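What follows is each chain in one-letter form.
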Amino acid sequence: QVQLVESGGGLVQPGGSLRLSCAASGSIFSVNDMGWHRQAPGKERELVAGITRGGRTNYADSVKGRFTISRDNAKNTVYLQMNSLKPEDTAVYYCKIYSAYGMYWGKGTLVTVSS
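To keep things clear, this report deals only with the structure shown in the data block. On a predicted model such as this, the values are computed, not experimentally measured, just so you know.

### Section: the nonpolar core
Part 1: If you look at the biggest cluster of nonpolar residues, it comprises 29 residues, and the most contacted ones within it are W36, L80, M82 and Y93.
Part 2: Of all the elements in the fold, those that place two or more residues in this core are β1 (2–7), β3 (18–26), β4 (31–39), β5 (46–51), β7 (67–72), β8 (77–82), β9 (91–99) and β11 (109–113).
Part 3: Ignoring sequence-local partners within four residues, the contact set of Y93 consists of E6, L20, W36, H37, R38, V48, F67, L80, M82, G108, T109 and V111.

Structure, rendered in structure tokens:
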């Protein structure tokens, strides 16, 4: 069994920053790609950022230049540094990992950007 524990969400004012973390544990043989998705109220879940085991990254156009994804392979942890946050970034953020045994989702952490 695989557990993904997300943390770092909360309420922040526009222009502020947050750092999300997602730690994977359990029956993990090897974690490959990791990523963050988000789902705003009334919208479909969308990819925010992804990172390969080797460190290659990709971002949604809406977050390029503001968000940075990184990972610590020794800790099976992925991070999302979010700067210059906007109200439209408000959503539940989910981490996702691909391991040798399959794909897994976290339960999500709420990010609210509001004054």
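Next, the rest of the story.
### Remarks on the pattern of salt bridges
Part 1: Following the criterion strictly, the structure yields four salt bridges and no others.
Part 2: With a closest N to O distance of 2.8 Å, E46 and R38 form a salt bridge.
Part 3: With a relative accessible area of 35%, E46 lands in the partly exposed category.
Part 4: In this structure R38 comes out as buried when scored by relative accessible area, which is 6%.

### Details of unusual backbone geometry
Part 1: For N76, which is not glycine, the phi torsion reads 50° and is therefore positive.
Part 2: The topology assignment puts N76 in the loop between β7 and β8.
Part 3: Of the residues examined, N76 reaches a relative accessible area of 21% and is grouped as partly exposed.
Part 4: At S84, a residue that is not glycine, the phi angle is positive and equals roughly 50°.
Part 5: Along the chain, S84 turns up in the loop between β8 and β9.
Part 6: Overall, the relative accessible area of 41% leaves S84 in the partly exposed class.

Definitions and cut-offs
Residues numbered from 1 in each chain as written. Predicted model: local features only at pLDDT ≥ 70, side-chain atom pairs only at ≥ 80, totals over all residues. Heavy atoms only, no water. Core = buried A, V, L, I, M, F, W, Y, C linked by side-chain atoms within 4.5 Å. Buried < 20%, exposed > 50% of the residue type's maximum accessible area, 1.4 Å probe, protein only. Helix = DSSP H or I, 4+ residues; strand = E, 2+ residues; numbered from the N terminus. Contact = heavy atoms within 4.5 Å. Salt bridge = Lys/Arg side-chain N within 4 Å of Asp/Glu carboxyl O.

This is a description of form; function is not addressed.
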